[in-house]
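# Working through the structure, step by step
Here are the chains, one letter per residue:
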Amino acid sequence: MSIPIPMKYIYGPLKSRRLGLSLGITLTPCKTCSFDCVYCQLGKTTRKTSKREEYIKIEEIVQELRLWIQYNPESPPRLNYITFSGSGEPTLNIKIGELIKEIKRLTSVPLAAIVNSSLFHDPAVRQAVSLADLILPSLDTVNPEVFLQINRPAENIKIDQIIEGLVKLRKECSAKIWLEVMLVRGINDDLRQIKKLKEVIDRINPDKIHLNSPVRATAEPNILSVDKNKLERIKEILGDKCEVI
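Heads up: these notes are all about the structure in this document. None of the values given here were measured: they were computed from a predicted structure. (Residues numbered from 1 in each chain as written. Predicted model: local features only at pLDDT ≥ 70, side-chain atom pairs only at ≥ 80, totals over all residues. Heavy atoms only, no water.)

## Thoughts on the overall build of the protein chain
When its secondary structure is counted, the protein chain shows seven helices and 10 strands. Computed over the C-alpha atoms, the radius of gyration of the protein chain is 18 Å, within 12% of the 18 Å expected from 2.2 N^0.38 for a compact globule of 245 residues. Within the protein chain, the proportion of its 245 residues that are buried is 55%. Taking the intrachain contacts of the protein chain between residues at least 6 apart in sequence as the baseline, contacts between residues at least 24 apart amount to 76%. Only carbon and sulfur atoms are counted for the fraction: they give 49% of the accessible area of the protein chain, which is about 11800 Å². (Helix = DSSP H or I, 4+ residues; strand = E, 2+ residues; numbered from the N terminus. Rg over C-alpha atoms; globule rule 2.2 N^0.38 Å. Buried < 20%, exposed > 50% of the residue type's maximum accessible area, 1.4 Å probe, protein only. Contact = heavy atoms within 4.5 Å. Areas by Shrake-Rupley, 256 points an atom, 1.4 Å probe, with all protein chains shown as cover.)

And the structure:
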């Protein structure tokens, strides 16, 4: 059956390289984010902020999901995950924890959250996201200057806070954590940087490390992917938990 109204916040299901068959949910308006990453495939951030608000009413998201399940009764058993990602940073929505609880009342499909780690210094954010079954945070560098160059964060976000937030997240939650590292040629792929990144990742202790490099259109021109041989070398440095995506 076709859904009688267009979906505003739910998209897919889509086949994901990391998550299998995933139904996506966006929690913010398009390109509302705490970062403005040079490699973002969705283009430049139009509203860069670290302020948490209920950017989209969770009641509206839950209503859409309930409708989607009603009109696609055969689909939930085929889903690997329902995933928070979309076109902005999910943790900016201050009601993310409540939304996770509401979705878990509706369905037993595991819930994943793809997040940029920028707000994990806040205990309330860590507590809320910990309700998910799988957390996919990112950490592209541990170098403050490179962080500013590649992620272009909102002005009050510091890389040291992100690192400590990730360390605390691992200690506080039982969800699986798959850490993504996005590498851009000539920016954050220097092997000396990678070795320092490895030291921090060991402290975070994620269940998996996903090594990635841009292959699609990016927010800025001349953003180049790292060649396959170097990615394999970096994978060896990062250890057995690491895989190239």
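## Some thoughts on the nonpolar core
Counting 75 residues, the largest nonpolar core has Phe 84, Ile 135 and Leu 139 as its most contacted members. Residues contacting Phe 84, with those up to four places away along its chain left out, are Ile 25, Leu 27, Pro 90, Ile 96, Leu 99, Ile 100, Ile 103, Leu 111, Ala 112, Ala 113 and Ile 114. Ranked by size, the runner-up nonpolar core spans six residues in total, among them Leu 19, Tyr 81, Ala 112 and Trp 178. (Core = buried A, V, L, I, M, F, W, Y, C linked by side-chain atoms within 4.5 Å.)

## Observations regarding the layout of surface pockets
To find the voids left in a structure, one rolls a probe of water-molecule size over its atoms. Of the volumes computed, that of the largest pocket is approximately 1200 Å³. Elements supplying a minimum of two residues to the lining of the largest pocket: β1 (10-16), β2 (20-25) and β8 (176-182). Ranked by residues supplied to the lining of the largest pocket, first place goes to β1 with four residues. Looking at side-chain class alone, the lining of the largest pocket contains 18 nonpolar, 15 polar and nine charged residues. (1 Å grid on protein atoms, 1.4 Å probe; cavity = no way out; pocket = protein on both sides within 12 Å on 5 of 7 lines; lining within 4 Å. Points joined across faces, edges and corners; volume = space filled by probe spheres on them. Nonpolar A, V, L, I, M, F, W, Y, C, P; charged D, E, K, R; others polar.)

## With respect to the packing of aromatic side chains
Tallying each qualifying case throughout the model produces one aromatic pair. Plain terms: the ring middles of Phe 35 and Phe 147 are 5.7 Å apart, the flat faces sit at 75 degrees to each other, and that makes the pair edge-to-face. Taken together, the positions of Phe 35 in the loop between β3 (32-33) and β4 (47-48) and Phe 147 in helix α4 (residues 144-150) put the pair 112 residues apart, joining distant regions of the chain. Residue classification places Phe 35 among the buried positions, given a relative accessible area of 4%. Here Phe 147 falls in the buried class, since its relative accessible area comes to 2%. A cation over an aromatic ring shows up here: Lys 208 above the ring of Trp 178, its NZ or CZ 4.3 Å from the ring centre. (Phe/Tyr/Trp six-rings, centres within 6.5 Å; stacked < 30°, edge-to-face > 60°. Lys NZ or Arg CZ within 6 Å of the ring centre and 35° of its normal.)

## Some remarks on the pattern of salt bridges
Side-chain pairs of opposite charge can arise whenever the charged atoms involved come near each other. Inspection of every chain in the model, using the stated rule, returns 15 salt bridges. In this structure, Glu 53 engages Lys 51 in a salt bridge whose closest nitrogen and oxygen atoms are separated by 3.4 Å. According to the relative accessible area criterion, Glu 53 is partly exposed, its value standing at 26%. The class for Lys 51 is exposed, based on a relative accessible area of 53%. In this structure, the salt-bridge partner of Lys 230 is Asp 189, at a minimum N-O distance of 3.3 Å. Within this pair, whereas Lys 230 is found in helix α7 (residues 228-238), its partner Asp 189 is found in the loop between β8 and α6 (191-204), the two being separated by 41 residues in sequence. Accessibility expressed as a relative area gives 7% for Asp 189, which makes it buried. Put simply, Asp 36, Lys 44, Arg 152 and Glu 220 are held in one network by salt bridges that share partners. (Salt bridge = Lys/Arg side-chain N within 4 Å of Asp/Glu carboxyl O.)

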